[in-house]
Amino acid sequence: VQLQASGGGLVQAGGSLRVSCLASGRTFSTYVMGWFRQAPGKEREFVAGISRSGINTYYADSVKGRFTISRDNAKNTMYLQMNSLKPEDTAVYYCAASSSGLASAHRLPSQYNDWGQGTLVTVSS
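Let us look at the structure shown here. (Residues numbered from 1 in each chain as written. Predicted model: local features only at pLDDT ≥ 70, side-chain atom pairs only at ≥ 80, totals over all residues. Heavy atoms only, no water.)

Next up on the list: the layout of surface pockets. Roughly 170 Å³ of volume is contained in the largest pocket. Here the residues of the lining of the largest pocket are counted per class, giving 2 nonpolar, 3 polar and 8 charged. (1 Å grid on protein atoms, 1.4 Å probe; cavity = no way out; pocket = protein on both sides within 12 Å on 5 of 7 lines; lining within 4 Å. Points joined across faces, edges and corners; volume = space filled by probe spheres on them. Nonpolar A, V, L, I, M, F, W, Y, C, P; charged D, E, K, R; others polar.)

What follows is the structure, encoded as C-alpha cells:
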C-alpha cells in the first residue's frame, strides 16, 4: 500500500495539530496501521498504533493522554490528533502499514511493510 502523510507544521507549545495519512488501494482496512516519529539524531520511535477495525489503539507512554490515533476505513485515511504539544514532540512523523499480525504487538519499525514519506512537526517553546 502507498501512504502519504500530511498536516505537519509549526505550532507553539501547548497547541494542537492533526496529521493525516492517506492510503492508496482498496484494502486499507486489512492493514494494521501505526505512527512513528524521528527527531534529529535519534532513532525512529513508536508513537501510536491502531487495529484494522480501529477499535483497539495503543500508545507510547510519552504521548498517552495527549495524542489520539484514529482511522476512517471508508476514506482510506488514518489520523493522529496531537494535543498539549511539547517541544520534545518535534520530529518527522511517519505513518506505516503492516499486512500481518496484531496492532498490540506492532511497536517496532521492522514490523511494518510500508511507509509514508513523513511530515515535519515543529513545536516551539
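From this point, the discussion proceeds with the structure in view.
Counted under the stated rule, the structure contains 1 disulfide. Sulfur-sulfur distance for the disulfide between Cys21 and Cys95 comes to 2.2 Å. In this structure the cystine formed by Cys21 and Cys95 twists about its S-S bond by roughly 70 degrees; its chirality is therefore right-handed. Of the two residues, Cys21 sits in strand S3 (residues 17–23) while Cys95 sits in strand S9 (residues 91–98), which places them 74 residues apart along the sequence. (Disulfide = S-S within 2.5 Å. Helix = DSSP H or I, 4+ residues; strand = E, 2+ residues; numbered from the N terminus.)

Let us look at the nonpolar core. In terms of nonpolar packing, the biggest core is built from 35 residues, with Met33, Trp35, Met78, Leu80, Met82 and Tyr93 touching the most fellow members. For this core, the secondary-structure elements that each account for two or more residues are strand S1 (3–6), S3, strand S4 (32–38), strand S5 (45–50), strand S7 (67–72), strand S8 (77–82), S9 and strand S11 (119–124). Ranked by residues supplied to this core, first place goes to S9 with 5 residues. Excluding residues within four positions of it along the chain, Met82 makes contact with Gly15, Ser16, Leu17, Val19, Arg66, Phe67, Tyr93 and Val121. (Core = buried A, V, L, I, M, F, W, Y, C linked by side-chain atoms within 4.5 Å. Buried < 20%, exposed > 50% of the residue type's maximum accessible area, 1.4 Å probe, protein only. Contact = heavy atoms within 4.5 Å.)

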